[in-house]
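Observations on chain architecture
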Amino acid sequence: MKFDVLTLFPEMLTAYLQQGVLGRAVKRGLVDVNLINIRDFAKGTHKTTDDRPYGGGEGMVMKPGPIYRALKSVERVDGRSPVILLSPQGKLFDQSIAWEMSGWDQLILICGRYEGVDERIKLTCTHMELSIGDYVLSGGELGAMVIVDAVSRLIPGVLGSERSNLEDSFEDGLLEYPQYTRPRMFQDKEVPEILLSGNHEKIRVWRREESLKRTLEKRPDLLKQAKLAPEDKAILAEL
Ligand code: SAM
């Protein structure tokens, strides 16, 4: 999968792309992240990428020309490669969108800065606006990395074990059960006995119950969409 990220600050992203799961995926060629500096496509001696807003008001707006030229420079895997504008006004990015995107060959992400990008970029060059939450960040770079990371994890082979993301939170509409590792006792809190029992069926049932319990406590809204078996419904009824 190829990600093309258009940004004024590519250096902000390089460290994140070199480490951990994502770093390994890039090294193994499972994911290709191409950082494009929008400033390289600005004209004039000052390479200006922003200007004052028409109609007056605070702040600066990203000029459409440099972004347009940067977009044109991107090598398209096919004619339909989606262009996504990071924006607090966009559709909320979530795990189901990440799954959908993980099947695509290419994703082109535009990171805004200042007061945002000239509206005509949205109108003429982008397929979708995505937000990573109901708050305003200084730029789209964190959002782009959230998308690159969440989508890459779902690409076959990126995680060590093919199964390891299937039990993550949101995968079946529930939050994941609690995880423990050594030591057995920490700050007077012991690892639940059942996890030491070696009884895989009992552990599976306990984990499912914990998953349902914490989803009910922390994110009851998720239960409306979750795929629940009759035994899950029985557990919830008891809870
Ligand atoms: N003036 C804009 C508004 O009120 O909608 C906010 C601009 S924000 C300061 C600058 C850039 O950060 C945006 O163009 C966008 O690319 C990015 N950004 C800010 N918050 C975001 C969010 N929640 N999700 C995705 N991108 C965000």
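Computed from a predicted structure; not experimentally measured.

Parameters at a glance
- Residues numbered from 1 in each chain as written.
- Predicted model: local features only at pLDDT ≥ 70, side-chain atom pairs only at ≥ 80, totals over all residues.
- Heavy atoms only, no water.
- Helix = DSSP H or I, 4+ residues; strand = E, 2+ residues; numbered from the N terminus.
- Rg over C-alpha atoms; globule rule 2.2 N^0.38 Å.
- Contact = heavy atoms within 4.5 Å.
- Areas by Shrake-Rupley, 256 points an atom, 1.4 Å probe, with all protein chains shown as cover.
- Lys, Arg positive; Asp, Glu negative; His and termini not counted.
- Charge placed at Lys NZ, Arg CZ, Asp CG, Glu CD.
- Domains from an automatic or database assignment.
- Axes fitted to C-alpha atoms, helices over the stretch in contact; angles between N-to-C directions.
- Parallel < 35°, antiparallel > 145°, perpendicular 65-115°, else oblique.
- Left-handed = near helix turned anticlockwise from the far one by under 90°.
- Nonpolar A, V, L, I, M, F, W, Y, C, P; charged D, E, K, R; others polar.
- Near = heavy atom within 4 Å.
- Polar contact = N/O pair within 3.5 Å; in protein donor to acceptor, adjacent residues only side chain to side chain.
- Pairing = 2+ DSSP bridges.
- Buried < 20%, exposed > 50% of the residue type's maximum accessible area, 1.4 Å probe, protein only.
- Salt bridge = Lys/Arg side-chain N within 4 Å of Asp/Glu carboxyl O.
- Arc of directions from axis to C-beta.

Turning to the overall build of the chain, a few remarks are in order. Within the chain, the secondary structure is distributed over eight helices and nine strands. Its C-alpha atoms give the chain a radius of gyration of 22 Å, clearly above 18 Å, the size a compact globule of 239 residues would have. With the C-alpha coordinates of the chain rotated into their principal frame, the extents come out at 70 × 40 × 40 Å. Long-range contacts, defined as pairs at least 24 residues apart, comprise 74% of the intrachain contacts of the chain with a sequence gap of at least 6. Within the structure as shown, the chain displays about 14500 Å² of accessible surface, and the carbon and sulfur contribution to it stands at 51%. On the chain, the mean spot of the 33 positive side-chain charges and the mean spot of the 36 negative ones are 3 Å from each other.

With that settled, consider the domain arrangement of the chain. Domain parsing of the chain yields domain 1 (2–152) and domain 2 (169–238). Inter-centroid distance (C-alpha atoms) of domain 1 to domain 2 is 37 Å.

Attention now moves to the packing of helix H4 (residues 95–102) against helix H6 (residues 141–152). Contact geometry of H4 with H6 gives a least axis separation of 8 Å together with a crossing angle of 70°. Considering the angle they form, H4 stands roughly perpendicular to H6. Where H4 crosses over H6, the two elements pack in a sense that is right-handed. Two secondary-structure elements touch here, H4 through Ala98, Met101 and Ser102 and H6 through Ile147, Ala150 and Val151. Its residues assigned to classes, the contact of H4 with H6 shows five nonpolar, one polar and no charged.

Another aspect to go through is the site of the ligand. Looking at the ligand, there are 19 residues lining it, with Leu86, Gln89, Gly112, Tyr135 and Leu137 nearest. The backbone of Gly112 places a nitrogen or oxygen atom 2.9 Å from an oxygen atom of the ligand. Contact distances for the ligand include 3.4 Å between an oxygen atom and a backbone N or O atom of Gly139. Within the complex, 85% of the 580 Å² of free accessible area of the ligand lies under protein. Mapped by element, the contributors of at least two residues to the shell around the ligand are strand E5 (83–92) and strand E7 (128–131). No other element matches the four residues that E5 contributes to the shell around the ligand. Each residue belonging to the shell around the ligand can be placed in one class, and the counts come to eight nonpolar, nine polar and two charged.

Below, the discussion takes up the sheet that holds strand E6 (residues 106–110). Strand order in the open sheet made by the five strands is E2-E1-E6-E5-E7, with parallel pairing throughout. Edge positions in the sheet fall to strand E2 (32–37) and E7, since each of these pairs with one other strand and no more. Between one strand axis and the next, the sheet turns by 35° as a mean value, whatever way the strands run. Of the strand pairs in this sheet, strand E1 (residues 2–7) and E2 are connected by six bridges, and their pairing is parallel.

Here we take up the environment of Met128. Structurally, Met128 can be placed in strand E7. The exposure class of Met128 is partly exposed, given its relative accessible area of 24%. Between the C-alpha atoms of Met128 and Leu86, which are 42 residues apart in sequence, the distance is 8.7 Å. When neighbours within four sequence positions are excluded, Met128 is seen to be in contact with Val83, Ile84, Leu85, Met101 and Trp104.

A few words now on the pattern of salt bridges. Taken as a whole and assessed by the stated rule, the structure comprises 13 salt bridges. One salt bridge in this structure joins Arg120 and Asp118, with 2.6 Å as the shortest N-O distance. Taking the relative accessible area as the measure of exposure, Arg120 reaches 47% and is therefore partly exposed. With a closest N to O distance of 2.7 Å, Arg208 and Asp172 form a salt bridge. Pair noted here: Arg208 is in helix H7 (residues 200–218) and Asp172 is in the loop between H6 and strand E8 (185–186), with a separation of 36 residues, a long-range link.

A few words on helix H2 (residues 20–27). Taken residue by residue, H2 has Leu22, Gly23 and Ala25 as its buried positions. When H2 is viewed along its axis, its buried side chains cluster within an angular range of 165° and face the same direction. In this structure, the buried residues of H2 make contact with helix H1 (11–18) and H6. Following H2 by one or two positions, Gly29 adopts a phi angle in the positive range, close to 75°.

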